[in-house]
Amino acid sequence: MRRFVVALLCALTAGAAAAKDGDCMTAAGAGAPDFGLPRVAQAIAKKKLDISVVGSASSELNGPAGTNIAYPTRLETALTSLLPGVAVKVSTFARPRETASEMENKLERIVTDSKPALVIWQTGTADAIRGVDPDEFRVALDSGVDVLQAAKADVVFMNMQYSPRTEAMLAVGAYADAMRIVALQREAVLFDRFSIMKRWNENGVFDLYGATRTTNIAERVHDCLGRLLANMVVTGAKLTTAIKKDTH
Amino acid sequence: MALPKPGERDLRLDLFRGLALWLIFLDHIPSNIVNWITIRNYGFSDATEIFVFISGYTAAFVYGRAMREHGTVVAGARILKRAWQVYVAHIFLFAIYTAEISYVAHSFENPLYGEEMGIFDFLQQPDVTLVQAMLLKFKPANMDVLPLYIVLLAGFPPMLWLLLRRPATALVASVTLYVLTWHFEWNIPAYPNGNWVFNPFAWQLLFVFGAWCALGGAERLSLVILSPVTLWLALLFLAFAFFVAMTWYIPGLDALLPRWLEEWMYPIDKTNLDVLRFAHFLSLAVVTIRLIPRHWHGLHSLWLRPAILCGQHSLEIFCLGVFLSFAAHFAMVEINEGVGMQVATSLLGIILMVLTAALISWYKRIEGRSPGSRPGPPGAATLVGGGA
């Protein structure tokens, strides 16, 4: 009897956890990427997919045991299971407080060293905090895309986190707009982390208002972001293949 | 069909300035469902344009008369005194802001937001930031409008002098400065990085244009403003802006906008008062003048009284609005961020603004000054421009 109750409880909690995870994926409301990812499609065909994440502090997160639980690691895990037989490797180049133009300066070296098929460029928050001219921010993104496209890497921009506590104190609008515009002009994919997290908060999937010292919520947020990114990468690659088939 | 005449009080100015103050308050509360009603969601321009234009208009109205009656020096001195009052108000708001942000910095912790906590870094070096704030170079989010006014007012005495003598030259000078600003990318540097969010060299265009209208420009333009062609052009442009705004919210709709148009149009630059924003404001103004004639009896109705009252004490109510938007956000963070709370804090904020405006009017009455058309003693002026 006791065993039965324990089993039941386990089943229930597992079910609840699964429902919660499902919630975060559907509640994210992330649509299909606006553009395809041709280099990723080629890499998948060659069974070896290298991805570089360039970003600031919000691309890093360490659990209590010091294990890396940030979204790049989660992305790697999710892609590995979505793409059986493909060797997936995600490398992170994240430094706290780094602005887009500082990251732009090291892009050249990153693409020469790691030759990624895809660069996920997370930026915006540090620039907003430091009050960088949004126009300079836009120019940095634009020349960064120059470097990445010349190195034959696909580009995904990831914008800032939605942070309700600091929302009234940190004006991110102009930077989010700049990322949207450059993505559109340069046919880069935008991963709209801001809107996704905002929807999570509105739908009660994650309580982003609450103060906490533990990494519980952060871990689940990053896990979900990683899996959403993985879906986006796979969809983006398929999109390219579909377009190719159409034109041939 | 009435256009404002110089030297006559126009309640529409108070009405729309009051409404603009409410909209600015609502827009400054983040994640507030109520700010879906504000105009920035349905076109290019927002309440800031209305506010700057009307402030230019009333500044010319009040100080233009002072300059004619008491001379350039007296009127110039009064304008500078006003600029000083706005400066003091700004520093006062900064103190309140710093108190709020310090509290949040100490009470909030979440490993997810390690990066965002960087905005509290400035608290670590008060020696630098406080001085930079007093120099108007360090301006926290949503505290950019008053510094713009201070600069616009400080530069206004010579411009007013010119407007009274050669209005056309003054207007050409203003447009030239605007064009040069765009061409050479002039702006005032900010701390720790970047430039002013509202570039005074660009936004002066709207302020001077308002002043020019007040000093007879509107009459000179009346044939143009009241022609049906202008009205249709304005309506067409508003419809276009509305459609573009909808593409921001309805996924898939932006596919209907041609690529070349998007590349030409974006970014719609708020810092430098994009031409699209200016045109959108002008279109709104043309339609509004048609819809609400100057002597429309509704302007004296009880329903519009609250907005008009707020518009008559704009500096005080503007500052109160900024403070209340901090307070509303604070309440949402600390108590509840639900839709009910958003609506309640928005409504409560507007009620407090109206009550305060009524209280200020009452004070002025018992002190023997009226917020009427006659400019009272120097102190009677409210924000750039006073009782008008």
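All of these numbers come straight from a predicted model, not from anything done at the bench.

> Account for the packing of helix α6 (residues 156-165) of chain B against helix α7 (residues 167-184) of chain B, naming residues and giving values.
Residue and element names in this part refer to chain B. Two elements in contact, α6 and α7, have axes separated by 5 Å at closest approach and are oriented at 135 degrees. Comparing their axes, α7 and α6 come out oblique. Of the residues in α7, those in contact with M159, L162 and L163 of α6 are P167, T169, A170 and A173. When grouped by side-chain class, the residues that make up the contact of α6 with α7 number six nonpolar, one polar and no charged.

> Hey, could you go over the confidence of the model for chain A for me, with residue numbers and the actual values?
Residue and element names in this part refer to chain A. Confidence in the prediction of chain A, expressed as mean pLDDT, is 88, and 88% of residues score 70 or more. Summarising per-element confidence for chain A, the mean pLDDT is lowest in helix α1 (residues 2-27) (54) and highest in strand β3 (residues 118-122) (98). In this model residues 1-19 is a low-confidence stretch, pLDDT under 50, and it forms zero contacts with partners more than four residues away in sequence or in other chains.

> Provide a residue-level description of the environment of B:D127, including the pertinent values.
Tracing the backbone shows B:D127 in helix α4 (residues 126-134). Put simply, B:D127 and B:A75 are 52 residues apart on the chain and 37 Å apart in space, counted from C-alpha to C-alpha.

> Describe the sheet that holds β3(A), naming the residues involved and giving the relevant values.
Residues and elements named next belong to chain A. Sheet architecture is open: five strands sit in the order β2-β1-β3-β4-β5, paired in parallel fashion. At either margin of the open sheet sits one strand with a lone partner, and together these are β2 (87-94) and β5 (189-191). Between one strand axis and the next, the sheet turns by 20 degrees as a mean value, whatever way the strands run. With four bridges joining them, strand β1 (residues 48-55) and β3 adopt parallel strand pairing. By the bridge assignment, V53 is partnered in β3 with I120.

> Can you break down the interface of chain A and chain B residue by residue, with the values?
Taken together, the contact between chain A and chain B spans 36 residues of the former and 33 residues of the latter. Only α5 (125-130), α7 (173-185) and α9 (216-247) of chain A provide two or more residues apiece to the side of chain A that touches chain B. It is α7(A) that contributes the most residues to the side of chain A that touches chain B, five residues altogether. Class assignment of the residues belonging to the side of chain A that touches chain B gives a composition of 18 nonpolar, eleven polar and seven charged.

> A description of the pairing of β1(A) should follow, citing residues and the corresponding values.
Residue and element names in this part refer to chain A. Counting buried residues in β1 gives six out of eight residues, a clear majority hidden from the surface. As paired elements, β1 and β2 share eight bridges and run parallel to each other. Bridge pairing in β2 places V54 opposite F93.

Conventions we followed
Residues numbered from 1 in each chain as written. Chains lettered and ligands numbered in written order. Predicted model: local features only at pLDDT ≥ 70, side-chain atom pairs only at ≥ 80, totals over all residues. Axes fitted to C-alpha atoms, helices over the stretch in contact; angles between N-to-C directions. Helix = DSSP H or I, 4+ residues; strand = E, 2+ residues; numbered from the N terminus. Parallel < 35°, antiparallel > 145°, perpendicular 65-115°, else oblique. Contact = placed C-beta atoms within 7 Å. Nonpolar A, V, L, I, M, F, W, Y, C, P; charged D, E, K, R; others polar. pLDDT = per-residue confidence, 0-100. Pairing = 2+ DSSP bridges. Buried ≥ 20, exposed ≤ 12 C-beta atoms within 10 Å, placed from the backbone.

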